[in-house]
Amino acid sequence: MTASPVLPLRPFTVGEVLDTAAALLRSRWRALVTMALGLAVIEQVFMTWLRMATVDRVLPRYFGQIVGDWGMAWLWIVVGLTFEIFMVTLLSGPATRTAVAAVTGEPPQNLSWWTLTSRQWGYVVSFSVLLAVAGALAAAACVMPWFVVYALFGLVVPSLIADGLSPWKSFARSPQLFGRSGVRTGAIRFLSWSSWQLIRLAVTCAAFLLLQYVDFSTVLFDYFLILLGLVYAAVNTAAYAMMACVDAVIHVEARVRTEGLDVAVGRMKSRGEPIMLTAPEAS
């Protein structure tokens, strides 16, 4: 068994996965949180514009009605889920590189601010766009297929950054790890997503309750939507950074469980060799 103060190489319980992801985030929080903040602000600028442009159609028209226009409310959900899968996939790149540094013993402060090379960023952005399109189509098809995409392909970028695989092999490796782990990787991703979704749901419910008792003028209502966007941006900054770190941790942990990564790293250390996390498929 090999140990690291941030990311020990051993099987984790679900709680330990989340704790380790938090430790990984703390080890390089300035870069990861800054990236997450930038992405969350861009997301909420668009989402706030969408809400302001269409809220009259979505708000209930009479007492007891949940929403006015279900089609427009559905659009809000689809757009939100599309942003979600794009942001988390994008951030899992630098989060995984941080995890690799934790395993190999490289000090996080030695990593560049952008963490990845320009070529790696090109692949990560391409994967993020591809999964965002797939996620949008899946979300539009009654939402449930979105969870399949999210569970199956969540480790595409970690496979690319950590495992030394080509882009095509990386894309196939995520479903393989999903199957080898007995769907454990997807289940933990869903649990992490659900935890943050509960916080967002609480914010949304509070906003709707406030609308029931406060008579907003047009201008004041616009300010209310902007404030709501700021609250969502703050929550999503923490959520996206944390979920990306969860992806990085469960990728390493899945390799420990299914490929004996801890044993391989221990042998490299005992021989004095550089620690490489190359996947068996790369050989």
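The rules behind the values
- Residues numbered from 1 in each chain as written.
- Predicted model: local features only at pLDDT ≥ 70, side-chain atom pairs only at ≥ 80, totals over all residues.
- Heavy atoms only, no water.
- Helix = DSSP H or I, 4+ residues; strand = E, 2+ residues; numbered from the N terminus.
- Contact = heavy atoms within 4.5 Å.
- Patch = residues over 30% accessible without salt bridge, like charges linked within 9 Å, V, L, I, M, F, W, Y side chains within 5 Å.
- Areas by Shrake-Rupley, 256 points an atom, 1.4 Å probe, with all protein chains shown as cover.
- Salt bridge = Lys/Arg side-chain N within 4 Å of Asp/Glu carboxyl O.
- Buried < 20%, exposed > 50% of the residue type's maximum accessible area, 1.4 Å probe, protein only.
- Core = buried A, V, L, I, M, F, W, Y, C linked by side-chain atoms within 4.5 Å.
- Axes fitted to C-alpha atoms, helices over the stretch in contact; angles between N-to-C directions.
- Parallel < 35°, antiparallel > 145°, perpendicular 65-115°, else oblique.
- Nonpolar A, V, L, I, M, F, W, Y, C, P; charged D, E, K, R; others polar.
- Phe/Tyr/Trp six-rings, centres within 6.5 Å; stacked < 30°, edge-to-face > 60°.

## Notes on the environment of Ala-241
Now for step 1: Here Ala-241 is to be found in helix 9 (residues 218-259).
Now for step 2: Spatially, the C-alpha atom of Ala-241 lies 6.8 Å from that of Leu-91, the residues being 150 residues apart in sequence.
Now for step 3: When sequence neighbours within four positions are dropped, the list of residues in contact with Ala-241 reads Leu-25, Leu-32, Ala-36 and Leu-91.

## Some details on a nonpolar patch on the surface
Now for step 1: Among the surface-exposed residues, Met-52, Leu-220, Tyr-223, Ile-226, Leu-227, Leu-230 and Val-231 lie close enough to one another that they form a single nonpolar patch of about 650 Å² accessible area.
Now for step 2: Here the nonpolar patch gets six residues from one element, more than from any other, and that element is helix 9.
Now for step 3: Overall, the relative accessible area of 43% leaves Leu-220 in the partly exposed class.

## Observations regarding the nonpolar core
Now for step 1: Ranked by internal contacts, the top residues of the largest apolar core, which has 82 residues, are Leu-7, Val-124, Trp-146 and Met-243.
Now for step 2: If one sorts the elements of this core by residue count, helix 9 sits on top with 19 residues.
Now for step 3: Setting aside anything within four residues of it in sequence, one finds Val-124 in contact with Thr-89, Leu-90, Gly-93, Leu-116, Val-157, Leu-160 and Ile-161.

## Some remarks on the packing of helix 1 (residues 14-27) against helix 2 (residues 29-58)
Describing two packed helices takes the angle between their axes plus the distance from one axis to the other.
Now for step 1: One can describe the packing of helix 1 onto helix 2 by two numbers: an axis separation of 5 Å at closest approach and a directional angle of 95°. Judged on the interaxial angle alone, helix 2 and helix 1 are roughly perpendicular. Residues Leu-25, Arg-26 and Ser-27 of helix 1 touch helix 2, and the partners they reach there are Trp-29, Leu-32 and Val-33.
Now for step 2: Broken down by class, the residue content of the contact of helix 1 with helix 2 amounts to four nonpolar, one polar and one charged.

## Points about the packing of aromatic side chains
Now for step 1: If you walk through the whole model with that rule in mind, you get 10 aromatic pairs.
Now for step 2: Here Trp-146 and Trp-193 contribute two aromatic rings whose centre-to-centre distance is 5.5 Å and whose plane-to-plane angle is 50°, an arrangement assigned as tilted. Residue Trp-146 is located in helix 5 (residues 144-152), and its partner Trp-193 is located in helix 8 (residues 184-213); the two are separated by 47 residues in the primary sequence.
Now for step 3: A relative accessible area of 0% places Trp-146 in the buried class.
Now for step 4: Given a relative accessible area of 8%, Trp-193 falls into the buried group.
Now for step 5: Between Phe-190 and Trp-193, the aromatic rings sit 6.0 Å apart at their centres with planes inclined by 25°, giving stacked as the arrangement. With Phe-190 and Trp-193 both in helix 8 and three residues apart, this pair spans about one turn of that helix.

## As for the pattern of salt bridges
Now for step 1: Under the defined criterion, the tally for this structure stands at 11 salt bridges.
Now for step 2: Put simply, Arg-97 and Glu-106 hold a salt bridge, and the shortest N to O gap is 3.0 Å.
Now for step 3: In this structure, the salt-bridge partner of Arg-180 is Glu-259, at a minimum N-O distance of 2.7 Å. Taken together, the positions of Arg-180 in helix 7 (residues 167-180) and Glu-259 in helix 9 put the pair 79 residues apart, joining distant regions of the chain.
Now for step 4: Judged by its relative accessible area of 23%, Glu-259 falls in the partly exposed class.
Now for step 5: Through salt bridges with shared partners, one network takes in Asp-163, Arg-173, Arg-180, Arg-255 and Glu-259.

## A closer look at the environment of Tyr-213
Now for step 1: Following the sequence through the fold, Tyr-213 ends up in helix 8.
Now for step 2: Residue class for Tyr-213 comes out exposed when judged on its relative accessible area of 71%.
Now for step 3: Between the alpha carbons of Tyr-213 and Leu-90 there is a distance of 40 Å; along the sequence they are 123 residues apart.

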